[in-house]
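As a plain string of letters, each chain reads:
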Amino acid sequence: MDFLFESRFNALMEGISGQFGTSPLGLLLFILALAALPLFLSLLYLLQKHREKQARTQRSREIIRKRCDKIGLSPAERELVERISECAAGPEPGYLVLFDEPRFHKAAEKLQRKETGISSGSIAALRVKLGFSREPSRRLHSTAQLQVGDPLLVRPQKKQGVFKALITAVRTDGFEIAMEGNNLLTSGDSAAFQYQNRQGTFLFKSYCIKRSGGRMLIRHQEKLKQLQKRAYFRAAYTGRLEVGNFDGDERFQTRFEDIGGGGASLVNPGERFSQGDFLELIFSLPGNSEKLCLKGSVIRTSRGRKLLHVKFEGIHENQRDRILGLAFKPRKDSG
């Protein structure tokens, strides 16, 4: 095989050199052509990247246009949206400022620093039309502040998976949880716990002090880490949904594989979607006929593009509350 490759390469080089002849001038032209080849390939690469950037810019503008049409922005407001999107930091698409309040806030601040003539009133009015609202900034500092009756997720150190639990009591020596099935913690078992309320979602590690039947007493902890959106636990869920490109009209039936507060995995209908696509997901949760309409970016695919891994963009906290609550519903409701 190496001999065959070497023979073909030599034949190619002989063919190229034959075009220039064997004279000193021909050989010089041949050497110059070889020296220019890396430059030509570099220019070709830069041209390809420029075309890809143009395509992304056009796609971003189309998504912005559709979003502006949907909420009825005036021409002046549309122009402001364009300028804010151009100030979006990092490699992420500029249109995400229309769906995620922190991104919008950072880009608007940057625009105001660059252009002092931009009024705070016009940006504030745009916030209202985009439906952004300020979330509570307070946070938990101790498991002694947990509320009886609230759910939480448990990831035992010795077992695979995430399991549902309910807080049944908060005592001076710990908090008590109830779990069903054979996934109970025993005395000394460690686990990671995730707790969510309107202040945010918090992660902490602790261990079981003792167990009585299906109830376990868990040691209090003072160190609770507030999670970023990407860090939410996922729960298995196979409910149905409709999905399509945000800037397209077609919607396709598919199903979830899992879902959490920050995103979801779902079957790729017809393997038609790819990494980087910006999607609209429409579905309802068990026990509630009201439709959720969420936006999400495909961060990757797996299983030969049969599965999409989607990160929710600009999700409201009340929507996140409803999705996180799904983790504590019986599996039979997930169809």
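These numbers were taken from a predicted model, which means no experiment stands behind them.

Quick word on the nonpolar core
Nonpolar side chains in soluble globular proteins tend to be buried together.
1) Next: Core analysis: the biggest nonpolar cluster contains 23 residues, and Ile84, Phe104 and Leu126 have the highest contact counts within it.
2) Next: Looking at this core, the element that brings in the most residues is helix α4 (residues 101–114), giving 4 residues.
3) Next: For Leu126, the contacting residues outside a window of four places in its chain are Leu73, Leu80, Val81, Ile84 and Phe104.
4) Next: Core analysis: the next-biggest nonpolar cluster, separate from the first, contains 22 residues, Leu266, Leu279, Leu285 and Val310 among them.

Considerations on the packing of helix α3 (residues 75–86) against α4
The description of two helices packed together rests on the angle between their axes and the distance between the axes.
1) Next: Interhelical geometry of α3 versus α4 gives an angle of 95° and a closest axis separation of 8 Å. Considering the angle they form, α3 stands roughly perpendicular to α4. Here Leu80, Arg83 and Ile84 of α3 lie close against α4, whose contacting residues are Phe104, Ala107, Ala108 and Leu111.
2) Next: By residue class, the composition of the contact of α3 with α4 is 6 nonpolar, no polar and 1 charged.

Re the confidence of the model for the chain
1) Next: Across the chain, the average pLDDT comes to 81, with 82% of residues at 70 or higher.
2) Next: Low pLDDT (under 50) marks residues 133–138, which in the prediction has 6 contacts with non-local residues, meaning those over four places away or in another chain.
3) Next: Here residues 330–335 is a poorly scored stretch, pLDDT under 50, and it has 9 contacts once near neighbours within four places are set aside; other chains count.

Notes on the pairing of strand β6 (residues 215–218)
1) Next: One ladder, built from 4 bridges, connects strand β3 (residues 174–178) with β6; its direction is antiparallel. Paired with Glu176 across the two strands is Leu217, which belongs to β6.
2) Next: The pairing of strand β5 (residues 200–212) with β6 spans 4 bridges and is classified as antiparallel. Its bridge partner being in β6, Arg211 is matched across the sheet by Met216.
3) Next: Hairpin connection of β5 to β6: 2 residues between the antiparallel strands, including Gly213 at a positive phi of 65°.

Here we look at the environment of Tyr237
1) Next: By the element assignment, Tyr237 lies in the loop between β8 (234–236) and β9 (240–245).
2) Next: A sequence separation of 22 residues divides Tyr237 from Ile259, and the C-alpha atoms of the two residues are 6.3 Å apart.

Considering the environment of Leu80
1) Next: Mapped onto the elements of the fold, Leu80 is located in helix α3.
2) Next: Among residues more than four places away in sequence, those in contact with Leu80 are Leu111, Ile118, Ser122, Ile123 and Leu126.

Considerations on a nonpolar patch on the surface
1) Next: Taken together, the side chains of Leu37, Phe40, Leu41, Leu44 and Leu47 make up a nonpolar region of the molecular surface, amounting to roughly 470 Å² of accessible area.
2) Next: Note that Phe40 resides in helix α2 (residues 24–71).

Let's talk about α3
Two residues of an α-helix separated by three or four positions point the same way, owing to the 3.6 residues in each turn.
1) Next: With 12 residues, α3 ought to run about 16 Å at 1.5 Å a step, and its terminal C-alpha atoms sit 17 Å apart, in line with that.
2) Next: Within the span of α3, buried status applies to Glu77, Leu80, Val81, Ile84 and Ser85. Looking down the long axis of α3, one finds its buried residues gathered within 135° of arc, a one-sided arrangement. The exposed residues of α3 that point more than 90 degrees off its buried face are Pro75, Ala76 and Glu86.

Observations regarding unusual backbone geometry
1) Next: In the Ramachandran plot, Arg303 falls in the positive-phi region, its phi being about 55° despite a non-glycine side chain.
2) Next: Within the element layout of this structure, Arg303 appears in the loop between β13 (291–302) and β14 (307–313).
3) Next: Judged by relative accessible area, Arg303 falls into the exposed class, the value being 55%.
4) Next: Not every positive phi belongs to a glycine, and Arg305 is a case in point at roughly 70°.
5) Next: Note on placement: Arg305 falls in the loop between β13 and β14.

Each value, and the rule that gives it
Residues numbered from 1 in each chain as written. Predicted model: local features only at pLDDT ≥ 70, side-chain atom pairs only at ≥ 80, totals over all residues. Heavy atoms only, no water. Core = buried A, V, L, I, M, F, W, Y, C linked by side-chain atoms within 4.5 Å. Buried < 20%, exposed > 50% of the residue type's maximum accessible area, 1.4 Å probe, protein only. Helix = DSSP H or I, 4+ residues; strand = E, 2+ residues; numbered from the N terminus. Contact = heavy atoms within 4.5 Å. Axes fitted to C-alpha atoms, helices over the stretch in contact; angles between N-to-C directions. Parallel < 35°, antiparallel > 145°, perpendicular 65-115°, else oblique. Nonpolar A, V, L, I, M, F, W, Y, C, P; charged D, E, K, R; others polar. pLDDT = per-residue confidence, 0-100. Pairing = 2+ DSSP bridges. Patch = residues over 30% accessible without salt bridge, like charges linked within 9 Å, V, L, I, M, F, W, Y side chains within 5 Å. Areas by Shrake-Rupley, 256 points an atom, 1.4 Å probe, with all protein chains shown as cover. Salt bridge = Lys/Arg side-chain N within 4 Å of Asp/Glu carboxyl O. Expected span 1.5 Å × (residues − 1). Arc of directions from axis to C-beta.

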